[in-house]
Amino acid sequence: MINPFEAKLETLANAEALSHRVADWLLEMATAKHAIFAINLSGGSTPRRLYERLAGPPYRDTFPWSRTHWFWGDERFVPHDDARSNYRMVREALLSRVPIPAVNVHPIPTEGITPESAASAYERQLKSFYGAERLDPARPLFDVTLLGLGPDGHTASLFPGTAVLVEQTHWVAAVVGVKSETRITLTYPALESSQNVAFLVEGREKRAILKRLCRGDDSLPAARLRPVGMLCVFTDQAAIEGANEI
Ligand SMILES: O=C(O)[C@H](O)[C@@H](O)[C@H](O)[C@H](O)COP(=O)(O)O
């Protein structure tokens, strides 16, 4: 069976080089598109270095901040000032350090609302930004979606064995009780509506799961992603040793 997980794999020397490369890649795409640029951000620890990199030279002075919009692929259902919040992580690493108009920042709501209402509210926000109720494969919602890879093969908050994996109608869903947490996550239809999807995977501890991803192991939620556009994996030497032996 041909591996349907056709991704462009790029290996950088280390985490530092990976963050530089992805920052350059984002700048190149954002600069080339002379219109609103929509980035869907990943949470977790891996992308923090990238977000910090974007807040420094040369990106701080060259990135088209005024026409870039920032979304989240998932969020822990905690207050935005909670240490576990993906929004807080991005605010500290990037948003508070560069001139991004507040109207361009679209955090997932998590306060004074139920998880289900938060998911519905974010879905309405995405549809309002997109300007339609139905996703058109020829007109992706996001220019870029950044994703991480969990040790169990989850991505965003699409965890193995959860009902959200078969959600094909809603763009956003609440995931309650997984890893004793509540999360809000974009579903496959929304995540796949991206011109470019990039997994950022680094470190030795990701070696085994990255190998399974590269082999298209469909038991992994991350391996089931079929974006309408390009699929890339940016990784580092520590994670790749042996992973790309198909
Ligand atoms: O909210 C989150 O934590 C992310 O959405 C999650 O999917 C993450 O990307 C992976 O768990 C990898 O996390 P690390 O980058 O910390 O390994």
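Since this is a predicted model, take the numbers as computed values, not measurements.

Here's the deal with unusual backbone geometry
- Note that the residue after Pro-57, namely Pro-58, is joined by a cis bond; omega there is -5°.
- Looking at where Pro-58 falls in the secondary structure, it is placed in the loop between α2 (48-54) and α3 (59-62).
- A positive phi angle, close to 55°, is found at Lys-179, a residue other than glycine.
- Along the polypeptide, Lys-179 turns up in the loop between β7 (172-178) and β8 (181-186).

A few points about the pattern of salt bridges
- Taken as a whole and assessed by the stated rule, the structure comprises 16 salt bridges.
- Here Asp-61 ties to Arg-60 by a salt bridge, and the two come within 3.5 Å at their closest N and O atoms.
- Using a relative accessible area of 36% as the deciding quantity, one classes Arg-60 as partly exposed.
- The partner of Glu-123 in a salt bridge is Lys-127, with the nearest N and O atoms 3.1 Å apart. Linking Glu-123 with Lys-127, this pair stays in helix α5 (residues 115-130), spanning 4 residues, or about one helical turn. The pair formed by Glu-123 and Lys-127 is uniform in burial state, with each residue classed as buried.
- Three or more residues joined by partner-sharing salt bridges are found here, namely Arg-48, Glu-52, Arg-88 and Glu-92.

Digging into the site of the ligand
- Looking at the ligand, there are 16 residues lining it, with Ser-45, Thr-46, Arg-76, Ala-156 and Lys-206 nearest.
- Here an oxygen atom of the ligand sits 2.7 Å away from a polar atom, N or O, in the main chain of Ala-156.
- With respect to the ligand, the side chain of Lys-206 contributes an N or O atom lying 2.6 Å from an oxygen atom.
- Here the ligand has 420 Å² of accessible area as a free molecule, and 89% of this is covered by the chains.
- Class assignment for the residues of the shell around the ligand results in 2 nonpolar, 10 polar and 4 charged.

Digging into the UniProt feature "domain: Glucosamine/galactosamine-6-phosphate isomerase" (unreviewed entry) in the chain
- UniProt's feature table lists "domain: Glucosamine/galactosamine-6-phosphate isomerase" (unreviewed entry) at residues 14-227, given in the numbering used throughout.
- Secondary structure over residues 14-227 splits into 31% helix and 20% strand, and the C-alpha atoms at its two ends are 26 Å apart.

Describing the sheet that holds strand β6 (residues 142-147)
- Taken together, 7 strands build an open sheet; the order of strands is β1-β10-β9-β6-β2-β3-β5 and the sheet is parallel. Strands at the two margins of the open sheet, each flanked by one partner only, are β1 (8-12) and β5 (105-106).
- In terms of strand pairing, strand β3 (residues 68-72) meets β5 through 2 bridges, oriented parallel. The residue of β5 that forms the bridge with Phe-71 is His-106.

Observations concerning the environment of Ile-100
- Along the chain, Ile-100 falls in the loop between α4 (86-93) and β5.
- For Ile-100, a relative accessible area of 13% gives the class buried.
- Along the chain, Ile-100 and Leu-41 lie 59 residues apart, while their C-alpha atoms are 15 Å from each other.
- Once residues lying within four places of it in the same chain are set aside, the contact partners of Ile-100 are Trp-65, Trp-70, Leu-95 and Val-105.

Details of the pairing of β3
- Most of β3 is tucked away, with 5 of its 5 residues classed as buried.
- What you see with β3 is no split at all: Thr-68, Trp-70 and Trp-72 on one side and His-69 and Phe-71 on the other are buried throughout.
- Pairing of strand β2 (residues 37-41) with β3, which is carried by 5 bridges, proceeds in the parallel orientation. Opposite Ala-38, over in β3, you have His-69 as the bridge partner.

Procedures and definitions
Residues numbered from 1 in each chain as written. Predicted model: local features only at pLDDT ≥ 70, side-chain atom pairs only at ≥ 80, totals over all residues. Heavy atoms only, no water. Helix = DSSP H or I, 4+ residues; strand = E, 2+ residues; numbered from the N terminus. Salt bridge = Lys/Arg side-chain N within 4 Å of Asp/Glu carboxyl O. Buried < 20%, exposed > 50% of the residue type's maximum accessible area, 1.4 Å probe, protein only. Near = heavy atom within 4 Å. Polar contact = N/O pair within 3.5 Å; in protein donor to acceptor, adjacent residues only side chain to side chain. Areas by Shrake-Rupley, 256 points an atom, 1.4 Å probe, with all protein chains shown as cover. Nonpolar A, V, L, I, M, F, W, Y, C, P; charged D, E, K, R; others polar. UniProt positions renumbered as here; feature names shortened; annotations may be inferred. Pairing = 2+ DSSP bridges. Contact = heavy atoms within 4.5 Å.

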